[in-house]
Protein chains: 2
Amino acid sequence: MRATVIHGPRDIRVEEFPDPTIRRPTDAVVRVVASCVCGSDLWPYRGVTDTSSPSRIGHEFVGIVEDTGSEVRSLAPGDFVIAPFAISDGTCVHCRHGVHTSCAHGAWWGGEDEHGLPVDAGQGERVRVPLADGTLVATPDQPAEALVPGLLTLSDVMATGHHAAVSAGVGAATTVVVVGDGAVGLCAVLAARRLGAERIVAMSRHADRQDVARAFGASDIVAERGAEGVARVHDLLDGIGADAVLECVGTKESMQQAIDATRPGGRVGYVGVPAGGAELPIRQLFGSNVSVGGGVAPVRAYLDDLLPDVLDGTIDPGRVFDLELPLAEVAQAYAAMDERRSIKTLLRP
Amino acid sequence: MRATVIHGPRDIRVEEFPDPTIRRPTDAVVRVVASCVCGSDLWPYRGVTDTSSPSRIGHEFVGIVEDTGSEVRSLAPGDFVIAPFAISDGTCVHCRHGVHTSCAHGAWWGGEDEHGLPVDAGQGERVRVPLADGTLVATPDQPAEALVPGLLTLSDVMATGHHAAVSAGVGAATTVVVVGDGAVGLCAVLAARRLGAERIVAMSRHADRQDVARAFGASDIVAERGAEGVARVHDLLDGIGADAVLECVGTKESMQQAIDATRPGGRVGYVGVPAGGAELPIRQLFGSNVSVGGGVAPVRAYLDDLLPDVLDGTIDPGRVFDLELPLAEVAQAYAAMDERRSIKTLLRP
């Protein structure tokens, strides 16, 4: 089979590998129907994080179960499944607390499982899925083709945007600001709207992303950034800032912008992978009683809640995909996202 | 009248000042019945923070209203009142959100009010109270003498411990760790118990404080600190740490200990005034989904909730006072707390 390998900055290749097989009785083998490139894949692509040796890459995919190990109970060949970006057993103490990303037996796509066996990554044709019962979520029926992009966002970006909103305590009367207009930020707008927020300010400088933000439920757009952007947010929100700010970038600057846009006593929900030496300014947080919560999203914990809304069309997060390419052109997908020609690119094996 | 002045490290004096009078129609003048020394008063006493010029000091007191300005509506001479450690109008947008410490017209004891007029501090005989309707809370009747210490804790330490517990989301099924065995940490134990937590681990090395922690509801005591203390907490709590950790010290080390003692997905509620260059380790927080909330406690917001429980004896936070001195001996009160001979010292003018 073919799968994507990153060799170093801006060096993305499709290479041949043996087809994966069941290695453990809790495994499944999944044929990928669709995968995609994540904003966090751009960190090694840009050389911001190091690629010490060639690595399989991609952590978002949906597909069809082809084979299951002898201990797999909840899945059968032919099932359409969503793969969260973290592998989890669903039974350990952390999973029971809903923090599947801290699973005691967990692993990551493209890494190694708890037995030291290599795990395939998502940007390929097939994947061996460890702990398949805990990790994968099957749809009740074969979904319509038009739903595939939306279901694919449940692997990561939609559930991650939702995690930002939940972590910031978004509810019916909440005023919300979203920092970041990538796919996660746009999904955070959609998640905030879904949770009942009516005033949602999206911070975005790009017309195409502003359009998606409005379609997802943003009531206001602020194009300015930094102190100027914060001043505009204060103008819009009672002169004090938002109850809840969703930080979906991960830089020191974006986090500071998020904190500055939060009213005293409000909450920052953050899901941007922290890049560089970002630490949190505790004296400012202390004086203003602004809390900070979030982190790497426990996607699996949210799928029972989010999946029905995608299946019945209540939300259509698949709109974040504005480019579709065959797996053979995965390098172009990275380039398109790196150059902001695409919000998020879907890959078909 | 006499009032306390800090001149520099370990230089605490009682000096004479003119009796305060009504300066604004929203003022009250209060005769102090009891005041006390705060752990945070020890920062300038120890020279950790600078005292650039002699300053009135003390921000916790209860007393009797002696005079009120023409616009004061809710108070009358003779009322017994509790003074939160922050002055607030109770009507601005931040006060309406329950964040009285961010009041648009607020001020601090020993500082200046919004009109630039000096404000008395608490460790004295009398205090001019700006924005008296917003700031002061009167008891329904004259309280019994035995209740005075408990009522005095509502100025700061009991309400601050409560803020830590509320910020960490403490409820009925929560496992709790309290870092810090000063008066605030001990009150945080009491607050967690009052909110329904049944498993409360108090981290304390001092036998006298361990006794108070147990009396306040601690189920377990951990005497070790740092990594060793965290390991003991993990031993006690499912191998994963606590749902909620209440940080009541304010050093970089105590905050790290609090974060390390929190299970993935749990919450740190912090009220220790950040000393030194403490920042929060965002990568660790991100990976473990540990959130951090709290700050300078909006005491006024909690008094309607806490006061009845003190008045009817449901809680007795006054037990944190283990030494009582006359105002003339205030310097000895600082020394006793500095040398940990006293948990908290009450002053009688």
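Computed from a predicted structure; not experimentally measured.

Parameters and conventions
Residues numbered from 1 in each chain as written. Chains lettered and ligands numbered in written order. Predicted model: local features only at pLDDT ≥ 70, side-chain atom pairs only at ≥ 80, totals over all residues. Pairing = 2+ DSSP bridges. Helix = DSSP H or I, 4+ residues; strand = E, 2+ residues; numbered from the N terminus. Core = buried A, V, L, I, M, F, W, Y, C linked by C-beta atoms within 7 Å. Buried ≥ 20, exposed ≤ 12 C-beta atoms within 10 Å, placed from the backbone. Contact = placed C-beta atoms within 7 Å. Nonpolar A, V, L, I, M, F, W, Y, C, P; charged D, E, K, R; others polar. Least-squares fit on C-alpha atoms with pLDDT ≥ 70 in both. Domains from an automatic or database assignment. Right-handed = clockwise from strand over helix to strand, strands pointing away. Axes fitted to C-alpha atoms, helices over the stretch in contact; angles between N-to-C directions. Parallel < 35°, antiparallel > 145°, perpendicular 65-115°, else oblique. Left-handed = near helix turned anticlockwise from the far one by under 90°.

Visitor: Can you tell me about the sheet that holds strand 4 (residues 55–56) of chain B, naming the residues and giving the values?
Guide: Residues and elements named next belong to chain B. Taking strand neighbours across the sheet as the criterion, the three strands line up as 2-1-4 in an open arrangement whose pairing is antiparallel. Here the strands that pair on one side only, and so sit at the sheet edges, are strand 2 (11–16) and strand 4. Across two bridges, strand 1 (residues 2–8) lies against strand 4 in antiparallel orientation. Bridging across to strand 4, Val5 finds its partner in Arg56.

Visitor: So what's going on with the nonpolar core? Residues and values would help.
Guide: Of all hydrophobic cores here, the largest spans 214 residues; its most connected members are Leu246 of chain A together with Leu246 of chain B. Setting aside anything within four residues of it in sequence, one finds Leu246 of chain B in contact with Ala164, Ala165, Ala168, Val176, Val178, Val179, Ala188, Ala192 and Gly269 of chain B.

Visitor: Pulling in residues and values, what's your account of unusual backbone geometry?
Guide: Apart from glycine, the bulk of residues carry a negative phi angle, and the bulk of peptide bonds sit in the trans form. Of note, the phi angle at Asp238 of chain A is positive, near 60°, even though the residue is not glycine. When you line up the elements, Asp238 of chain A lands in the loop between helix 8 (226–236) and strand 14 (242–247). Among the residues examined, Asp238 of chain A registers 12 C-beta atoms within 10 Å and is labelled exposed. A positive phi angle, close to 55°, is found at Asn289 of chain B, a residue other than glycine. Structurally, Asn289 of chain B is set in the loop between helix 10 (282–288) and strand 16 (291–294). Classification of Asn289 of chain B as buried rests on a count of 26 C-beta atoms within 10 Å.

Visitor: Talk me through the interface of chain A and chain B; I want residue IDs and the actual numbers.
Guide: Each side of the interface is counted separately: chain A has 31 residues, and chain B has 30 residues. Those elements that provide at least two residues to the side of chain A that touches chain B are helix 2 (93–96), strand 15 (262–270), helix 10 (282–288) and strand 16 (291–294) of chain A. Sort the elements by how many residues they give to the side of chain A that touches chain B and helix 10 of chain A lands first, with six residues. Per-class residue counts for the side of chain A that touches chain B are 14 nonpolar, 13 polar and four charged.

Visitor: Break down the relation of the copies chain A and chain B for me, with residues and values.
Guide: Comparison of the two chain copies shows a relationship of rotation about an axis with a shift along it. Once chain A is rotated about the relating axis by 180° and shifted along it by 0.0 Å, it coincides with chain B to within an RMSD of 0.0 Å. Taken together, the rotation and translation relating the two chain copies correspond to the operation of a two-fold axis. Mapped onto chain B, 97% of the interface residues of chain A again fall at the interface, so both copies present the same surface.

Visitor: Explain the domain arrangement of chain A to me, using residue names and the numbers behind them.
Guide: Residue and element names in this part refer to chain A. In terms of domains, chain A is made up of domain 1 (2–156 + 298–348) and domain 2 (157–294). Centre-to-centre separation of domain 1 and domain 2, based on C-alpha positions: 26 Å. On the domain 2 side, the residues contacting the 19 residues of domain 1 number 20 residues.

Visitor: Run through the sheet that holds strand 4 (residues 55–56) of chain A, naming residues and quoting values.
Guide: All names here are of chain A. Taken together, three strands build an open sheet; the order of strands is 2-1-4 and the sheet is antiparallel. Only two strands of the sheet have a single neighbouring strand rather than two, namely strand 2 (11–16) and strand 4. One ladder, built from six bridges, connects strand 1 (residues 2–8) with strand 2; its direction is antiparallel. Within strand 2, the residue paired with Val5 across the bridge is Arg13.

Visitor: Explain the environment of Ala244 of chain A to me, and be specific about the residues and the numbers.
Guide: All names here are of chain A. As for its placement among the helices and strands, Ala244 is situated in strand 14. Sequence separation between Ala244 and Ala165 is 79 residues; the distance between their C-alpha atoms is 7.9 Å. Apart from the residues within four sequence positions on either side, Ala244 is in contact with Ala168, Gly169, Val170, Thr174, Val176, Gly266, Arg267 and Gly269.

Visitor: Hey, could you go over the environment of Val62 of chain B for me, with residue numbers and the actual values?
Guide: Mapped onto the secondary structure, Val62 of chain B falls in strand 5 (residues 61–68). Once residues within four sequence positions are removed from consideration, Val62 of chain B is found in contact with Val33, Ala34, Phe80, Val81, Ile82, Ala83, Val148, Leu151, Leu152 and Ser155 of chain B.

Visitor: Now, about the pairing of strand 15 of chain A: what can you tell me, with residues and values included?
Guide: All names here are of chain A. Most of strand 15 is tucked away: nine of the nine residues are buried. Bridge count for strand 14 against strand 15 is five bridges, and the pairing is parallel. Bridging from a neighbouring strand, Ala244 pairs with Arg267 of strand 15. In this region the chain leaves strand 14, passes through helix 9 (residues 252–260) and returns to the parallel neighbour strand 15; the handedness of that crossover is right-handed. In this structure, strand 15 lies alongside strand 16, joined through four bridges in parallel fashion. Counterpart to Arg267 in the pairing with strand 16 is Ser291.

Visitor: Hey, could you go over the packing of helix 6 (residues 183–194) of chain A against helix 7 (residues 207–216) of chain A for me, with residue numbers and the actual values?
Guide: All names here are of chain A. Between helix 6 and helix 7, the shortest axis-to-axis distance is 8 Å and the interhelical angle comes to 15°. Relative to helix 7, helix 6 is oriented roughly parallel. When the axes of helix 6 and helix 7 are compared, the crossing they make is right-handed. Residues Leu186, Val189, Leu190 and Arg193 of helix 6 touch helix 7, and the partners they reach there are Arg209, Val212, Ala213 and Phe216. When the residues that make up the contact of helix 6 with helix 7 are grouped by side-chain class, the tally is six nonpolar, no polar and two charged.

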